[in-house]
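Below are the chains, spelled out letter by letter.
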Amino acid sequence: MADEQDDGQPNSVREPSVADAVLPMAVLVLLVGGALALFGLDALDGPIQVALILCAMVAALVALKNGHRWEEIQRAGQGALSSITSAMFILLAVGALIGVWNLSGTIPTLVYYGIQILSPSWYYAATALICGLIALSIGSSWTTAGTIGVGLVGVAGMLGVSTAGTAGAVICGAYLGDKLSPLSETTVLTAQLVGVDLHRHIRRQAWTSVPAFALAFVVLLVLGLVQGPQVHNPVGEATELSALNGIYRITPLNLLPLVLLAVLSVRKVPASLALACSTLFAGLLGALLQPSVVADFVAGGGNPVVESVKAVWSAMANGFAIDTGIGEIDRLLSRGGMDGMLGTLWLIIGAVTFGALLEEFGLINRLVDPLIRSAGSTGRLFCTVFACAFGLNVVAGDQYIALVLPSRVFRLEFERRGLAPTNLSRLAADSGTVTSPLVPWNSCGAFMGAVLGVPTLSYLPYCVFNYASPALSVLYGITGFKVERTGAVPDPEQR
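Residues numbered from 1 in each chain as written. Predicted model: local features only at pLDDT ≥ 70, side-chain atom pairs only at ≥ 80, totals over all residues. Heavy atoms only, no water.

(A) View of the overall build of the protein. Counting its regular elements, the protein contains 24 helices and two strands. C-alpha extents for the protein along the principal axes are approximately 70 × 60 × 45 Å. By sequence separation, contacts in the protein at least 24 residues apart represent 78% of the contacts at least 6 residues apart. Carbon and sulfur atoms make up 65% of the accessible area of the protein, which amounts to about 19700 Å² in all. Across the protein, the 25 positively charged side chains and the 31 negatively charged ones have centroids separated by 11 Å. (Helix = DSSP H or I, 4+ residues; strand = E, 2+ residues; numbered from the N terminus. Contact = heavy atoms within 4.5 Å. Areas by Shrake-Rupley, 256 points an atom, 1.4 Å probe, with all protein chains shown as cover. Lys, Arg positive; Asp, Glu negative; His and termini not counted. Charge placed at Lys NZ, Arg CZ, Asp CG, Glu CD.)

Structure (structure tokens):
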């Protein structure tokens, strides 16, 4: 193939070699592994972002070596950034929401009631179930984790239950609801990419999602029962409840911003707009119900209107902060703000830019095509799709790339083998969407770690649903269970 240089002379473009495709991956493994070895969990505070930017530079150099122009590389990078515009606004909106919900008493009220209702012995299982029902109703794992999930992790800290375990349970429930909700954009996208009816796609997903969640629920319940009697509450429930009730006016009215968010989400209002409306409404409500908190936050000023505007503005920008003298409560409430999400945005920008360059210049396809040819049986084909989707979550850092590319690449192969497209839609969702929060530098993993306040590598062992769902999907392909066929094309291993 050929392109034209700026001077009109033809510019020969070469197909990437296997070495070209492997080099950026090898650099990624080396740099990310080095960052984790040197900095531990602190690697997510900057070193991994630098690693991803350097990997993107390596991919750009490979593209230049193969004859592509720098302008093409710039366009690929610009396309990568445009693809995450929605995610960036959602992330900033969630940061603002957390700050204002802490100021207005929404999160403290969730914690106050949660401490009284939830028991450590079944806390993980209840968290997963609550988040599953909410995500199913609103269709968003991000919104679920960034709202009720934040409150549940806060309650865990108050009860002395593992916040990492709670974060894992939040993610289990959030991704179950996200997968089975007709309101979920990833569920709708998957069905459209593969060309199947949305509700048929959801019914087929249930064959892996429901058993996987049942397994996760049992595991989380057992963990809670085992740990429950041994839980040490560092502060004491009476002290926590008294402190919260002394600082805030605890009333069910504080939960109205959560109700508004749920209503807007069900009515399919764009996520960032729904979050912003809930944030502003919470700020107005906080000015009316929590005047002393507002005044203390901005150190007073005499004019309650000015104080309220300044407090909400500051909480949206830089988060809320409070000093009660009780460390657990201070750590719970002193969070949020758009600026607290900037490190996560840096991570996402680096990851999706790297992934876009790999896709745009054929480096991913160069590795995937031989895998398709070597997948002789249906079981091997299913394993290949999973490896491709999960691998893209790792190297491309974005669930949409991990979902879209396998759906496009393998669609014709499934059709050629007489496999119904519902098999691919279920497998792509299980492998691409569900595994995305397990990778620290993936946009979903970075988001969950940022909003829940728990490092990805810490909550990862508790995400049982996110392991079990793709495992069942692959197992179905190997055994033939619930594998639909469109014709009389036999499995290659049975020919």
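Here the narrative resumes, following the displayed structure.
(B) Expanded view of the side chain of Thr456. Residue placement: Thr456 occurs in helix α23 (residues 456-459). Relative accessible area serves as the criterion here: at 2%, Thr456 is assigned to the buried category. A polar contact of 3.1 Å, which involves the side chain of Thr456, links it to the backbone oxygen of Gly445. Here Thr456 is in contact with Pro437, Leu438, Val439, Pro440, Gly445 and Gly449, once residues within four sequence places are set aside. (Buried < 20%, exposed > 50% of the residue type's maximum accessible area, 1.4 Å probe, protein only. Polar contact = N/O pair within 3.5 Å; in protein donor to acceptor, adjacent residues only side chain to side chain.)

(C) Seen up close, the nonpolar core. Ranked by size, the top nonpolar core spans 141 residues in total, and within it Leu103, Phe410, Phe414 and Phe465 carry the most contacts. Apart from the residues within four sequence positions on either side, Phe410 is in contact with Val368, Ile372, Leu381, Thr384, Val385, Cys388 and Leu424. (Core = buried A, V, L, I, M, F, W, Y, C linked by side-chain atoms within 4.5 Å.)

(D) Quick peek at helix α8 (residues 163-180). When the terminal C-alpha atoms of α8 are compared, their 26 Å separation across 18 residues agrees well with the 26 Å that a helix rising 1.5 Å per residue should span. Here α8 starts with a cap whose side-chain oxygen sits 3.3 Å from the backbone nitrogen of Ala164, and that cap is Ser162. (Expected span 1.5 Å × (residues − 1).)

(E) Focus on the state of the cysteines. Applying the stated rule across the entire model yields zero disulfides. Of all cysteine sulfurs, the one in Cys172 lies closest to Cys131, which takes part in no disulfide; the gap is 9.8 Å. Note on Cys131: relative accessible area 0%, which makes it buried. In this model Cys388 remains outside any disulfide bridge; the closest cysteine sulfur is found in Cys383, 13 Å from its own. (Disulfide = S-S within 2.5 Å.)

(F) Seen up close, the packing of aromatic side chains. A complete count under the given rule lists nine aromatic pairs for this structure. Ring geometry for Trp142 against Phe447: centres 4.0 Å apart, planes inclined by 10°, an arrangement best described as stacked. Highlighted residues: Trp142 in helix α7 (residues 141-159) and Phe447 in helix α22 (residues 443-452), separated in sequence by 305 residues. Here Phe447 falls in the buried class, since its relative accessible area comes to 0%. Ring centres of Phe297 and Phe320 lie 4.9 Å apart, and the angle between their planes is 50°; this geometry places the pair in the tilted category. In this pair, Phe297 sits in helix α14 (residues 291-297) while Phe320 sits in the loop between α15 (304-318) and α16 (327-333), placing the two residues 23 residues apart along the sequence. For the pair Phe297 and Phe320, one class covers both residues: buried. When the ring centre of Trp207 is taken as reference, the NZ or CZ atom of Lys482 above it lies at 3.8 Å. (Phe/Tyr/Trp six-rings, centres within 6.5 Å; stacked < 30°, edge-to-face > 60°. Lys NZ or Arg CZ within 6 Å of the ring centre and 35° of its normal.)

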